[in-house]
Protein chains: 2
Amino acid sequence: MFEARIYISLKKGILDLEGKTVKHGLKSLGYDQVEDVKTGKYLVLTLSTADRSAAEQAVEEMCEKLLVNKVMEEYTFELREVEE
Amino acid sequence: MFEARIYISLKKGILDLEGKTVKHGLKSLGYDQVEDVKTGKYLVLTLSTADRSAAEQAVEEMCEKLLVNKVMEEYTFELREVEE
């Protein structure tokens, strides 16, 4: 069994409105040391695949087909074996 | 300067509707090996703080005051020093 942690973030150059909003909120609370805020999503998938390379390929396909908006987003993922 | 990576996820027992939706979507694409999907947010904050413990305390405060819904969410964070 494998656990895949997928991190999805906006590509460089794409305006991160949520990040700007969070930054504004933190500054208004007095946290002036906040220079920048970037936001993203992460997904934790549990896969019943027994084979690492099969799991890797499946995660890449799932990202390309459904999970990631390839126009605006980029992704990275980590894969680790877990107990049943 | 410090970079804080904050990972915010739903507490155990809280229904992850987005996770269920993603799981259903992946199964409908034929990825039957997907046993479970959990979703979360992550934030990358750049802090102009020079001192690690001050940065750590500020991140905890920001999470407690604004970034995390303490009723439904829990969080972890990593802190690393970065070049100006």
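Structural data are supplied above this passage.
Everything in this summary refers to the structure shown in the same document. Worth saying up front: this structure is predicted, and the values here are computed from it rather than measured.

1. Let's talk about the overall build of chain A
Consideration 1: Helix and strand counts for chain A stand at two helices and three strands.
Consideration 2: If you list the helices and strands of chain A from N to C, you get β-α-β-α-β.
Consideration 3: Its C-alpha atoms give chain A a radius of gyration of 17 Å, clearly above 12 Å, the size a compact globule of 84 residues would have.
Consideration 4: For chain A, the C-alpha atoms occupy an extent of roughly 50 × 30 × 15 Å along the three principal directions.

2. Quick word on the interface of chain B and chain A
Consideration 1: At the junction of the two partners, chain B supplies 33 residues and chain A supplies 33 residues.
Consideration 2: In this assembly, chain B packs against chain A so that about 2800 Å² is buried in total across both faces, 64% of it on carbon and sulfur atoms.
Consideration 3: It is Y31, Q33 and Y42 of chain B in chain B that bury the most area against chain A; as a group they hold 22% of the surface buried on that side.
Consideration 4: Applying the counting rule to chain B against chain A returns zero salt bridges.
Consideration 5: Taken together, chain B and chain A are joined by 16 residue pairs in polar contact (both at pLDDT 80 or more).
Consideration 6: If one sorts the elements of the side of chain B that touches chain A by residue count, strand β2 (residues 34-47) of chain B sits on top with 14 residues.
Consideration 7: Residues of the side of chain B that touches chain A, tallied by class, amount to 18 nonpolar, eight polar and seven charged.
Consideration 8: Here strand β2 (residues 34-47) of chain A runs beside β2 of chain B; their pairing, made up of 13 bridges, is antiparallel.

3. Some remarks on helix α1 (residues 17-28) of chain B
Consideration 1: Taking 1.5 Å as the rise per residue, α1 of chain B with twelve residues should run 16 Å; its terminal C-alpha atoms sit 17 Å apart, in good agreement.
Consideration 2: Three or more residues of α1 of chain B are buried, namely G19, V22, G25 and L26 of chain B. Taken down its axis, α1 of chain B places every buried residue within 125° of arc, on the same side. Exposed side chains of α1 of chain B directed beyond 90 degrees from the buried face belong to L17, K20, T21, H24 and S28 of chain B.
Consideration 3: Buried residues along α1 of chain B sit against β2 and α2 (52-67) of chain A together with β2 of chain B.
Consideration 4: Of the residues trailing α1 of chain B, G30 of chain B is marked for its positive phi of about 100°.

4. Concerning the relation of the copies chain B and chain A
Consideration 1: Under the fitted operation, chain B is carried onto chain A by 0.0 Å of movement along the axis and a turn of 180°, and the coordinates agree to an RMSD of 0.0 Å. The superposition operator between the copies reduces to a two-fold rotation axis. By C-alpha distance to the rotation axis, the residue of chain B lying nearest is K41 of chain B, at 2.2 Å.

5. With respect to the sheet that holds strand β3 (residues 73-81) of chain B
Consideration 1: One open sheet holds the six strands; their spatial order is β3(A)-β1(A)-β2(A)-β2(B)-β1(B)-β3(B), and the pairing between them is antiparallel. The sheet is open, and its two edges are formed by β3 (73-81) of chain A together with β3 of chain B, each paired on a single side. Along the sheet, successive strands turn relative to each other by an average axial angle of 20°, direction set aside.
Consideration 2: As judged from the eight bridges shared by strand β1 (residues 2-10) of chain A and β2 of chain A, these two strands associate in the antiparallel manner.

6. With respect to the packing of aromatic side chains
Consideration 1: Under the definition given, this model contains five aromatic pairs over all chains.
Consideration 2: With centroids separated by 5.8 Å and ring planes inclined at 85°, the aromatic side chains of Y42 of chain A and Y7 of chain B adopt a geometry described as edge-to-face. Here Y42 of chain A is found in strand β2, whereas its partner Y7 of chain B is found in strand β1 (residues 2-10) on a different chain. The burial state of Y42 of chain A is the same as that of Y7 of chain B; both residues are buried.
Consideration 3: Here the aromatic residues Y7 and Y42 of chain A together with Y7 and Y42 of chain B are joined through ring pairs into a cluster of three or more.

Conventions adopted
Residues numbered from 1 in each chain as written. Chains lettered and ligands numbered in written order. Predicted model: local features only at pLDDT ≥ 70, side-chain atom pairs only at ≥ 80, totals over all residues. Heavy atoms only, no water. Helix = DSSP H or I, 4+ residues; strand = E, 2+ residues; numbered from the N terminus. Rg over C-alpha atoms; globule rule 2.2 N^0.38 Å. Contact = heavy atoms within 4.5 Å. Buried area = accessible area lost by both parts, 1.4 Å probe. Salt bridge = Lys/Arg side-chain N within 4 Å of Asp/Glu carboxyl O. Polar contact = N/O pair within 3.5 Å; in protein donor to acceptor, adjacent residues only side chain to side chain. Nonpolar A, V, L, I, M, F, W, Y, C, P; charged D, E, K, R; others polar. Pairing = 2+ DSSP bridges. Expected span 1.5 Å × (residues − 1). Buried < 20%, exposed > 50% of the residue type's maximum accessible area, 1.4 Å probe, protein only. Arc of directions from axis to C-beta. Least-squares fit on C-alpha atoms with pLDDT ≥ 70 in both. Axes fitted to C-alpha atoms, helices over the stretch in contact; angles between N-to-C directions. Phe/Tyr/Trp six-rings, centres within 6.5 Å; stacked < 30°, edge-to-face > 60°.

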